[in-house]
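# Notes for the structure review
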Amino acid sequence: MSSEPKNEMWVVFKRLMTYVLPMKSMFIFAVLGLLTYGAVDASFIAFIKPFIDEGFAQSAPTVAGIDIDMPTSKGFSADNDILMMAPFVVIFMFSLRGLANFVSTYCVSYISARLIMDMRQQVFEHYLRLPVSYIDRENSGNLISRVTFDTEQIARASGSALISIVRDSMTVIGMLAIMFFYSWKLSLCILVIGPLMGVVISVVSKRFRKVSKQIQSAMGGVTATTEQMIKGHKNVLAFGGQETEIKRFYKVNDHNRYQNMKLAVAQSVSQPVIMVIGSFALAFVLYAASWDSMAADLTAGTFAAILGAMLAMLQPIKNLTRINAEFQRGIAACTTVFELLDTKPEKDEGDIEVKRVDGLLRFDNVSFRYPEQESCALNGINFEVKPGKTTALVGRSGSGKSTIASLVTRFYGDLEGGDISIDSTSIYDYKLKSLRNQVALVSQQVTLFNDTIANNIAYAYPGEVTREQIMEAATLAHAMEFIDTLPLGLDTEVGENGVLLSGGQRQRIAIARAMLRDAPILILDEATSALDTESEKAIQQGLDNLRQNRTSIVIAHRLSTIESADEILVVDQGEIKERGNHAQLLEQKGMYANLYQMQFGE
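You'll find the protein chain entered in an unreviewed UniProt entry as Lipid A export permease/ATP-binding protein MsbA, with Shewanella intestini given as the organism. Database annotation for the protein chain, UniProt heading Subcellular location (unreviewed entry): "Cell membrane".

Per the secondary structure count, the protein chain includes 23 helices and ten strands. Counting every position in the protein chain, which comprises 602 residues, the buried fraction comes to 45%. Of all intrachain contacts in the protein chain linking residues separated by at least 6 positions in sequence, the fraction that spans at least 24 positions is 78%.

Another aspect to go through is the environment of Phe449. Its location among the elements puts Phe449 in the loop between β6 (439-442) and α17 (453-457). Apart from the residues lying within four places of it in its own chain, the contact partners of Phe449 are Asn456, Tyr459, Val494, Gly495 and Arg513.

Quick look at the sheet that holds strand β1 (residues 361-368) now. Strand order in this open sheet of four strands is β2-β1-β4-β5, and the pairing throughout is antiparallel. Each end of this open sheet is capped by a strand with a single partner; those strands are β2 (378-385) and β5 (425-426). In the sheet, β1 pairs with strand β4 (residues 417-422) via five bridges, with the strands oriented antiparallel. Bridged to Phe363 within β4 is Ile420. Sheet strands in contact with helix α15 (residues 401-408) are β1, β2 and β4, and its direction is about 115° off that of β1.

All right, on to the packing of helix α2 (residues 24-46) against helix α8 (residues 160-182) then. Between α2 and α8, the least distance of the axes is 8 Å, while the angle of their chain directions is 35°. The two elements α2 and α8 meet at a crossing, and its hand is right-handed. Of α8, the residues touching α2 (which contributes Phe27, Val31, Leu34, Leu35, Tyr37, Gly38, Ala39, Asp41, Ala42, Ile45 and Ala46) are Leu162, Ile163, Val166, Arg167, Met170, Thr171, Gly174, Met175, Ile178 and Tyr182.

Attention now moves to the confidence of the model for the protein chain. Averaged over every residue, the pLDDT of the protein chain is 79; residues scoring 70 or more account for 84%. Of the regions scoring below 50 in pLDDT, residues 58-78 engages in nine contacts with residues more than four places distant in sequence or in other chains.

On inspection of all chains with the given rule, the structure shows nine aromatic pairs. Each ring, one from Tyr19 and one from Phe338, has its centre 6.1 Å from the other, and the planes form 15°; the classification is stacked. Of this pair, Tyr19 sits in the loop between α1 (5-17) and α2 while Phe338 sits in helix α14 (residues 300-341); the two residues are 319 residues apart in sequence, bridging distant segments of the chain. Phe338 matches Tyr19 in its accessibility class, with the two residues each being buried. On the basis of an interplanar angle of 85° and a centroid distance of 5.1 Å, the ring pair of Tyr370 and Tyr412 is categorised as edge-to-face. In this pair, Tyr370 is assigned in the loop between β1 and β2 and Tyr412 in the loop between α15 and β4, connecting sequence segments 42 residues apart. Under the relative-accessibility criterion, Tyr370 is labelled partly exposed at 26%.

For Ile323, the position within the fold is in helix α14. On the basis of relative accessible area, Ile323 is assigned to the buried category, the value being 4%. In sequence terms Ile323 and Ser160 are 163 residues apart; their C-alpha atoms lie 7.7 Å from each other. Discounting chain neighbours no more than four positions away, the residues touching Ile323 are Ser160, Ala161, Ser164 and Ile165.

Turning our eyes to something else, we now look at α2. The end-to-end C-alpha distance of α2, which contains 23 residues, comes to 32 Å, matching closely the 33 Å that a straight helix rising 1.5 Å per residue would cover. Within the sequence span of α2, burial applies to Ala30, Gly33, Leu34, Tyr37, Gly38, Val40, Asp41, Ala42 and Ile45.

The next thing to look at is the pairing of strand β7 (residues 521-525). Among the five residues in β7, five count as buried, and that is most of the element. Here β7 shows two buried faces, one formed by Ile521, Ile523 and Asp525 and the other by Leu522 and Leu524. Relative to β7, β6 is paired through four bridges, and the arrangement is parallel. By the bridge assignment, Leu441 is partnered in β7 with Ile523.

What counts as what
- Residues numbered from 1 in each chain as written.
- Predicted model: local features only at pLDDT ≥ 70, side-chain atom pairs only at ≥ 80, totals over all residues.
- Heavy atoms only, no water.
- UniProt positions renumbered as here; feature names shortened; annotations may be inferred.
- Helix = DSSP H or I, 4+ residues; strand = E, 2+ residues; numbered from the N terminus.
- Buried < 20%, exposed > 50% of the residue type's maximum accessible area, 1.4 Å probe, protein only.
- Contact = heavy atoms within 4.5 Å.
- Pairing = 2+ DSSP bridges.
- Axes fitted to C-alpha atoms, helices over the stretch in contact; angles between N-to-C directions.
- Left-handed = near helix turned anticlockwise from the far one by under 90°.
- pLDDT = per-residue confidence, 0-100.
- Phe/Tyr/Trp six-rings, centres within 6.5 Å; stacked < 30°, edge-to-face > 60°.
- Expected span 1.5 Å × (residues − 1).

And the structure:
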């Protein structure tokens with residue numbers, strides 16, 4: 001997009017209109033309705049001249065008592081016809097105006113509702129295609145605000161703004177046409193004040209767009225602060241942090257208010273300025289009408305029509321100035337949303353699809369650097385896990401264990417060096433969906449959805465899944481032990497992120513989900529971290545069963561859970577410092593032996 005504000009606005013607006021194209025028939029009806037609405041208003045003002053000049057001008061002498069020739073009978077009949085016809089004309093005009101208003105309002109509302117739905121859907125789907133690194137960097141409040149607040153602003157720009165821009169513009173153009181048709185000399189004053197109005201609107205528009213972007217950012221802060229408080233509600237209460245959270249929210253809430261007031265000030269200043277400029281034009285018309293050269297060409301009806309047209313223009317101009325704030329907010333929101341949609345999704349350039357790999361996993365001299373980080377998170381990682389074997393990764397927090405696991409599923413894009421392969425084929429040659437279908441992941445941060453236990457276990461399962469399969473997976477994960485005690489069993493709702501379950505119960509459901517998926521490669525990232533000792537022992541047999549005939553990478557702090565691993569890699573500062581099985585590493589009396597001693601003593 002161009003960096004120039006004017007070009008940017010039109011580029012954004014034209015792109016927004018591409019969302020309206022699929023609804024072009026509705027759009028056409030809406031525009032026709034709005035044009036009709038404005039045309040009726042203009043026609044009503046135009047009707048004033050013949051109504052006054054022909055309906056009253058000839059009968060006025062009699063009423064005034066002036067002794068002049070009486071009009072002919074035929075003339076009186078024509079005058080009475082005008083007066084008698086006027087009520088029917090008024091009823092017809094306002095009926096047509098009402099119908100046009102209904103058609104335009106309904107069509108515009110439909111377009112706005114459909115546009116906001118389509119755009120929200122597109123933003124939501126784009127989030128699902130973005131790399132993990134992007135989501136990690138972004139504020140969650142801003143991400144949510146794009147789907148909710150920003151798209152709502154776009155709906156206003158495409159809804160109420162469209163109604164006002166088309167309808168009021170048509171009214172203004174119609175009034176100007178009437179004025180110049182009846183007296184172009186008297187109407188020339190409009191050409192003087194027109195450019196002044198244009199300058200004011202242009203300056204104010206830039207201000208509106210700038211402040212609107214600041215409001216979006218402030219709204220993201222409000223959303224983020226609220227979300228953090230809700231997620232950490234228990235901790236807030238436990239630590240007595242109510243005052244801290246109140247102050248934090250007041251700060252972002254007051255900042256949001258301040259930004260909205262900046263917009264309100266710009267809006268409240270612009271409207272009176274436009275009205276004052278318009279009043280000068282109106283005053284000039286009244287003054288010019290007293291000139292003899294003007295009065296000779298003016299009739300009462302002509303003057304009334306011009307004056308009425310000028311007065312009728314003031315409200316549409318005021319509406320256009322007011323709606324300009326909404327329009328600029330919508331354009332600013334469009335810019336933000338389109339920047340998001342232009343963010344490149346995950347790379348998926350592979351073309352290999354497989355139903356099920358054998359599971360030979362190899363890291364070949366892998367180095368990796370996180371985006372915007374100076375140093376590498378991994379340096380020269382080399383290891384191989386054969387099908388059916390288990391490799392465990394141990395080490396201090398931040399040593400790079402979880403990074404190794406994340407690279408298998410291509411969560412973080414390109415490597416700094418080296419390659420990762422499955423069955424001797426680079427993971428970057430596989431289609432992304434096919435690659436991830438080969439991997440079952442159980443992480444230390446369990447994600448459960450606000451649904452039943454059964455649906456959480458069967459989440460995103462390819463194809464049909466039976467109740468028996470779900471029960472079997474839950475039994476192997478030792479989850480049925482607590483599921484059977486629940487009133488609704490597998491049909492129990494777990495609440496948002498499984499809040500109604502304990503940490504150990506959530507972990508077992510996640511393990512059951514991995515068991516049901518039956519993928520050839522298994523990644524257990526602190527899979528037993530939330531389990532008590534009794535649960536850990538009960539589930540360890542299930543995990544051993546799960547690892548049978550599967551390539552397994554196990555990340556663990558509890559060394560007791562990985563003593564039976566075929567190979568243990570000790571990772572420190574992004575490098576493999578030691579490798580071997582449990583007994584061999586204890587004999588080396590190195591880092592692993594020290595870790596083991598700290599956990600189990602002599």
